[in-house]
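# A structural walkthrough
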Amino acid sequence: MHSVTDYYSATQLRADRWSELREVTAQLAREAPAKIDPTLRSQASELFDGLAEIEAYWAFPGMQVFDHMRRQFEHNSFTELSYSVHRVARALTTGAYRRRHIPLDHDSDDREEHDDEALLSPEVRAMTKPYFEVLIVDEVSDAQEHWLKANVHAMRRAEDPFIYEALVVPSVEDALIAVLFNHNIQAIVVRPGVTLRSKSDHPILARFLEGVAGTDKLNDLQTKDYGPALCRLIDDVRPELDAYLVTERSVEDIAGTELGICRRVFYNQEDFMELHLNILRGVQSRYKTPFFTALVNYSKQPTGVFHAMPISRGKSITRSHWIQDMGAFYGPNIFLAETSATSGGLDSLLEPHGPIKEAQELASRAFGSKQTFFATNGTSTCNKIVVQALVRPGDIVLVDRDCHKSHHYGMVLAGAQVCYLDSYPLNEYSMYGAVPLREMKQQLLDLKAAGKLDRVRMLLLTNCTFDGIVYNVDRVMEECLAIKPDLIFLWDEAWFAFARFNPTYRKRTAMRTANKMRARFKTEEHAEAYAAQQELLKGADTETILNTRLIAPPTARIRVYATQSTHKTLTSLRQGSMIHVNDQDFKGEVEQAFHEAYMTHTSTSPNYQIIASLDVGRRQVELEGFEFVQRQLEAAMSMRRAISTHPLLKKYFKVLSLAEMIPSEYRESGTESYYDPDRGWIDMLEAWEDDEFVLDATRVTLGVGGTGWDGDTFKTQILMDKYGIQINKTSRNSVLFMTNIGTTRSSVAYLIEVLVEIARGLDDLLDDASKMERLGFERRVANLTEKYPPLPDFSRFHDAFRADNVTSEGDIRTAYYMAYDENNCDYMDLDGSLQHALDAGEEVVSASFIIPYPPGFPILVPGQVISSEILAFMRALDVNEIHGYRADLGLRVFTPEALAAQTPQKRLTAAKKLTSNKTAAE
Ligand SMILES: Cc1ncc(COP(=O)(O)O)c(C=O)c1O
């Protein structure tokens, strides 16, 4: 039996234990009773023990059946046992138990070849009623449990849209474990008999429990009335679930109690039908997809098309002699669902009043925002919308320099004064980490000292980064608000939409943090802590402020925006993205400007299929996001484990650990990796609780320098061309494997197989290599792993684009448009004229964005002074793509005359105009 430490999640552990039990019992059934191998028997016994610890948390097969199997085992009824274990294990893998009753006795006439969910056509699967489980929490006897379940069964009606089974656990702890283990659970009924502690004390259970509730939280429960407390605790773990509280206490007692995910309180205990209807309605409210449904209905209506879009209803295709293959490939529905009209039950994305509005409201609930807006052209557009809506010309914006290019262009469009923030570099792997909080605080304090704090509008950060570095969102926002209490935050969560659906990840999302902060800032404890800190910090110098964990004033405004590429991490067609808003001043100050910005960037013909897919993607995450993200994590973790422990793979590859991607000063917990070959899984939780940065475990960066191939060659010539494996991010000596909610165990297994084959190939090559060939290989490896050009910091904006040289913000827009006039620009080649100019101490200023790929962020922006570090980096770069750089001409720079013409006087006038505009506006 695999040890618990080999597993990251209990679901996988359970599946594997059942299939092991299937093998062992099949073997037992084959052997003559007298010849039973005692080791086989003890193996089975161990597996039964192992499963007994976790089976109570699932409705199928249920403890009664499980105990029955155990008795079959004890009575040596191996043939019957083997049959029923086989049926259970199979039903668990195929999902057949979700659709029908699974008879377990040998004589039943059951055709299991129809069981496999994967083999059913999508139409058949769409016809079957979705299945879920209801968790009843109550300490009851076996007979009472039987009575409860029988009552639940008796409520079923043919017209019910879903089907569910119940499982019963006695305590708060068991309930928490159940909602974490069992992703089938969609609703919880908390009854008056609920107790606190679980009778089971298995380590895996303890690990899970510690992760969600923390033993302290349970110890701290002041009350013996555990029902409301449980509803609150589950709210923290799986907020999408519905709870129903059955209580014997009076309405007055319950009213005013914080009830977390509780949707309804029942004072009349045994009204099962009412409960049943509520449970179904709760799930239905997550299941419903207003826009997708409207689109499906629209596609069934007969319509005469007298508007644009000949492809709608497929007419231009069916009548064609030349494009029939398109119709055949896509099938008819997509064209039936195409229209340029906003009537017929549909809605307009630009002015939504109907199903799009409702779909956005449901998305807002699912992602914990106050308002959510759909976008059909990616997060690139979402970023520009948010920036335009909030940033006025001349406002100062703090931006992480290695953010996505849409932000840089957004700054140009908005006319922002940009203050670039440097991320910590990972020179060894030629990639950047993320911006240390100290850097943000320093910049804010500098701006404050220069009297410019009132012009600082926004802080813009990428969470998580492409490489998977995740910020401590709470800490960043609170400490920055302590310096600038009305600062607006834009978190680019292009890669982080899925994070909402895992309890650990959720804590580092913008929306969840904003909600928590709103609540926290209202508490007396917060006000007291703030006042005490203010006392302590009276007269404190900058260094002390930088070293103190600052507390924001209770009056600070929560103004948080997040943009997410739903299509990158969840189910949505390409370009489906969302903007989530949690801004206390949205209605009063932003709404109109937001609307204008949305109009500026949104097409008047938004793609309906994308909107529908966003709606369905939201349904999915509200019902199975938890399960899918859990599985994704399991897949990524098993990949980490397989690569870190395989002796051959270790020779050429290295999974970059936390310690390698996050310097120790940002890892207060001291956690160095998520998996250690000697210790198994290291708990992520401690790191995720409070470290300045953590690593998204679903992204695995693999160091490939040991193979002698650079990242790009490894990606295109080895993985893609030879094995058909697609990835998109590489660095000089690494490649990034991203898992997603669709990643399966077998795709991970295939990747490992491929890596092993590559490693074997290298072994063979080196075995037969001549001395010179071997030397060549070693040189290539050394070049990739030991010699790396240091990543340059942002130098500075040239004085021509700065109002003063006290603080670092620069006018990127003026620089950008100055380059439109060819007379202002010149070209310099890297090795010749540019090098000479820098050697001679001249200031040379870039006229365009220069974006080498990898690493894929601008090392130069318009108006930026070219430093010798930047030039050295560009010269050392051995990448094929440098966007913005013309190899035939060189680097586009501003002429000294153009820079001189941008006189201080001109800048001064511009700055004055800004200030007077602002004053007039106020
Ligand atoms: C951090 C970040 N933000 C925004 C985007 C743009 O997203 P989209 O492709 O949805 O326009 C990307 C794309 O890779 C990204 O990496």
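Below or above, wherever it landed, is the structure these notes cover.

Definitions and cut-offs
Residues numbered from 1 in each chain as written. Predicted model: local features only at pLDDT ≥ 70, side-chain atom pairs only at ≥ 80, totals over all residues. Heavy atoms only, no water. Helix = DSSP H or I, 4+ residues; strand = E, 2+ residues; numbered from the N terminus. Rg over C-alpha atoms; globule rule 2.2 N^0.38 Å. Areas by Shrake-Rupley, 256 points an atom, 1.4 Å probe, with all protein chains shown as cover. Lys, Arg positive; Asp, Glu negative; His and termini not counted. Charge placed at Lys NZ, Arg CZ, Asp CG, Glu CD. Core = buried A, V, L, I, M, F, W, Y, C linked by side-chain atoms within 4.5 Å. Buried < 20%, exposed > 50% of the residue type's maximum accessible area, 1.4 Å probe, protein only. Contact = heavy atoms within 4.5 Å. Phe/Tyr/Trp six-rings, centres within 6.5 Å; stacked < 30°, edge-to-face > 60°. Salt bridge = Lys/Arg side-chain N within 4 Å of Asp/Glu carboxyl O. Near = heavy atom within 4 Å. Polar contact = N/O pair within 3.5 Å; in protein donor to acceptor, adjacent residues only side chain to side chain. Nonpolar A, V, L, I, M, F, W, Y, C, P; charged D, E, K, R; others polar. Pairing = 2+ DSSP bridges. Axes fitted to C-alpha atoms, helices over the stretch in contact; angles between N-to-C directions. Expected span 1.5 Å × (residues − 1). Parallel < 35°, antiparallel > 145°, perpendicular 65-115°, else oblique. Left-handed = near helix turned anticlockwise from the far one by under 90°. 1 Å grid on protein atoms, 1.4 Å probe; cavity = no way out; pocket = protein on both sides within 12 Å on 5 of 7 lines; lining within 4 Å. Points joined across faces, edges and corners; volume = space filled by probe spheres on them.

A separate point is the overall build of the protein. Along its length, the protein carries 39 helices and 26 strands. Taken over the C-alpha trace, the protein has a radius of gyration of 30 Å; the compact-globule value for 922 residues is 29 Å, and the two agree within 12%. Viewed in the frame of its principal axes, the protein has a C-alpha envelope of about 95 × 80 × 75 Å. Surface exposure of the protein reaches about 40,000 Å², of which carbon and sulfur atoms provide 51%. Charge separation in the protein, taken as the distance between the mean sites of 101 positive and 130 negative side-chain charges, equals 3 Å.

Turning next to the nonpolar core. One broad trend across soluble globular proteins is that nonpolar side chains are buried collectively. Ranked by internal contacts, the top residues of the largest apolar core, which has 129 residues, are Met 440, Met 458, Leu 459, Tyr 471 and Trp 491. Not counting chain neighbours up to four residues away, the residues in contact with Leu 459 comprise Leu 398, Leu 421, Met 440, Val 476, Cys 480, Leu 487, Ile 488, Phe 489 and Leu 490.

Further remarks concern the packing of aromatic side chains. Two aromatic rings are characterised by how far apart their centres lie and by the angle between their planes. Scanning all chains against the criterion turns up 41 aromatic pairs. For the pair Phe 162 and Tyr 287, a centre-to-centre distance of 5.3 Å together with 75° between the ring planes defines the contact as edge-to-face. Taken together, the residues Phe 162 in the loop between helix H6 (142-154) and strand S2 (163-169) and Tyr 287 in helix H12 (residues 272-287) connect sequence positions 125 residues apart. Of the residues examined, Phe 162 reaches a relative accessible area of 3% and is grouped as buried. Ring geometry for Phe 586 versus Phe 594: centroids 5.5 Å apart, planes at 70°, classification edge-to-face. Of the two residues, Phe 586 and Phe 594, neither departs from the other in class, the shared state being buried.

One pass over the structure, following the stated rule, counts 52 salt bridges. Residue Glu 173 is joined to Arg 197 by a salt bridge in which the shortest nitrogen-to-oxygen separation is 2.7 Å. Residue Glu 173 is located in helix H7 (residues 172-181), and its partner Arg 197 is located in the loop between strand S3 (185-190) and helix H8 (203-212); the two are separated by 24 residues in the primary sequence. Given a relative accessible area of 8%, Glu 173 falls into the buried group.

Attention shifts here to the site of the ligand. Lining the immediate surroundings of the ligand are 13 residues, of which Thr 379, Ser 380, Asp 492, Ser 565 and His 567 lie closest. Within the side chain of Trp 495, an N or O atom sits 2.8 Å from an oxygen atom of the ligand. In the model, an oxygen atom of the ligand is placed 2.8 Å from a nitrogen or oxygen of the His 567 side chain. Taken by itself the ligand offers 400 Å² of open surface, and the protein chains cover 84% of this. Broken down by secondary-structure element, the contributors of at least two residues to the shell around the ligand are helix H18 (378-390) and helix H26 (566-569). Class assignment for the residues of the shell around the ligand results in two nonpolar, nine polar and two charged.

Moving on: the pairing of strand S11 (residues 456-462). Judged by how many residues are buried, S11 sits mostly within the fold: seven of seven residues are covered. Of the pairings in the sheet, the one linking S11 to strand S13 (residues 488-492) comprises five bridges and is parallel in character. Residue pairing in the sheet places Met 458 in a bridge with Ile 488 of S13.

The subject of this paragraph is the sheet that holds strand S5 (residues 262-266). Overall, parallel pairing links the five strands, which are arranged S2-S1-S3-S4-S5 in an open sheet. Two strands in the sheet have a free side with no partner beyond their single neighbour: S2 and S5. Each adjacent strand pair in this sheet contributes to an overall mean axis angle of 20°, direction not counted. In the packing of H12 onto the sheet, contacts are made with strand S1 (131-137), S2, S3, strand S4 (242-246) and S5, and the angle to S4 comes to roughly 160°.

This paragraph deals with the side chain of Gln 620. Its place among the elements puts Gln 620 in helix H28 (residues 608-645). With relative accessibility at 15%, the residue Gln 620 sits in the buried group. Apart from residues lying up to four places away in sequence, Gln 620 is in contact with Thr 571, Gly 625, Phe 628 and Ile 741.

Let us now look at H18. End to end, H18 covers 19 Å across 13 residues, agreeing with the expected 18 Å (1.5 Å per residue, within 8%). Counting buried positions along H18 gives ten out of 13 residues, so the element sits mostly inside the fold. Within H18, burial applies to Gly 378, Thr 379, Thr 381, Cys 382, Asn 383, Ile 385, Val 386, Val 387, Ala 389 and Leu 390.

A cis amide bond links Phe 60 with the next residue in sequence, Pro 61, at an omega value of 0°. Position of Pro 61 relative to the elements: it lies in the loop between helix H2 (38-55) and helix H3 (63-74). Cys 464 follows Asn 463 through a cis peptide bond whose omega is 0°. As for its position among the elements, Cys 464 is in the loop between S11 and strand S12 (469-471). Despite not being glycine, Arg 313 shows a phi value in the positive range, around 60°. Residues other than glycine seldom take positive phi values, yet Gln 575 does so here, at roughly 80°. For Gln 575, the location among the structural elements is in the loop between H26 and strand S15 (577-583). On the accessibility criterion, Gln 575 (38% relative accessible area) is partly exposed.

The next point concerns the packing of helix H32 (residues 711-723) against helix H33 (residues 745-768). Geometrically, a packed helix pair is captured by the angle between its two axes and the distance between the axes. One way to put it is that H32 packs onto H33 with a least axis distance of 12 Å and a crossing angle of 115°. On the basis of the axis angle, H32 is roughly perpendicular to H33. In this structure, the crossing between H32 and H33 has a hand that is right-handed. For the pair H32 and H33, contact is made by Phe 714, Ile 718, Leu 719 and Tyr 723 and by Tyr 750, Val 754, Leu 755, Glu 757 and Ile 758, respectively.

Our next topic: the packing of helix H13 (residues 290-300) against H28. Packing of H13 against H28 brings their axes to within 7 Å, and their N-to-C directions diverge by 130°. For the element pair H13 / H28, the angle class is oblique. For the element pair H13 and H28, the recorded crossing hand is left-handed. Contacts between H13 and H28 involve Pro 290, Phe 291, Phe 292 and Leu 295 from the first element and Tyr 608, Gln 609, Ile 611, Ala 612, Asp 615, Val 616, Arg 618 and Arg 619 from the second. In the contact of H13 with H28, the residues fall into eight nonpolar, one polar and three charged.

It is a probe the size of a water molecule, rolled over the atoms, that shows where empty space is left. If you walk through the whole model with that rule in mind, you get four cavities of 30 Å³ or more. In this model, the largest cavity occupies a volume close to 70 Å³. Lining of the largest cavity is provided by Val 134, Ile 136, Asn 151, Val 152, Met 155, Tyr 164, Ala 166, Val 189, Phe 272, Leu 275, His 276 and Ile 279. Taken together, the elements giving at least two residues each to the lining of the largest cavity come down to S1, H6, S2 and H12. It is H12 that provides the largest number of residues to the lining of the largest cavity, a total of four residues. Residues belonging to the lining of the largest cavity are distributed by class as follows: ten nonpolar, two polar and no charged. Of the pockets and cavities examined, the second largest cavity occupies roughly 40 Å³. Along the walls of the second largest cavity sit Phe 367, Glu 493, Arg 500, Thr 509, Ala 510, Met 511, Arg 512 and Gln 564, which together make up its complete lining.

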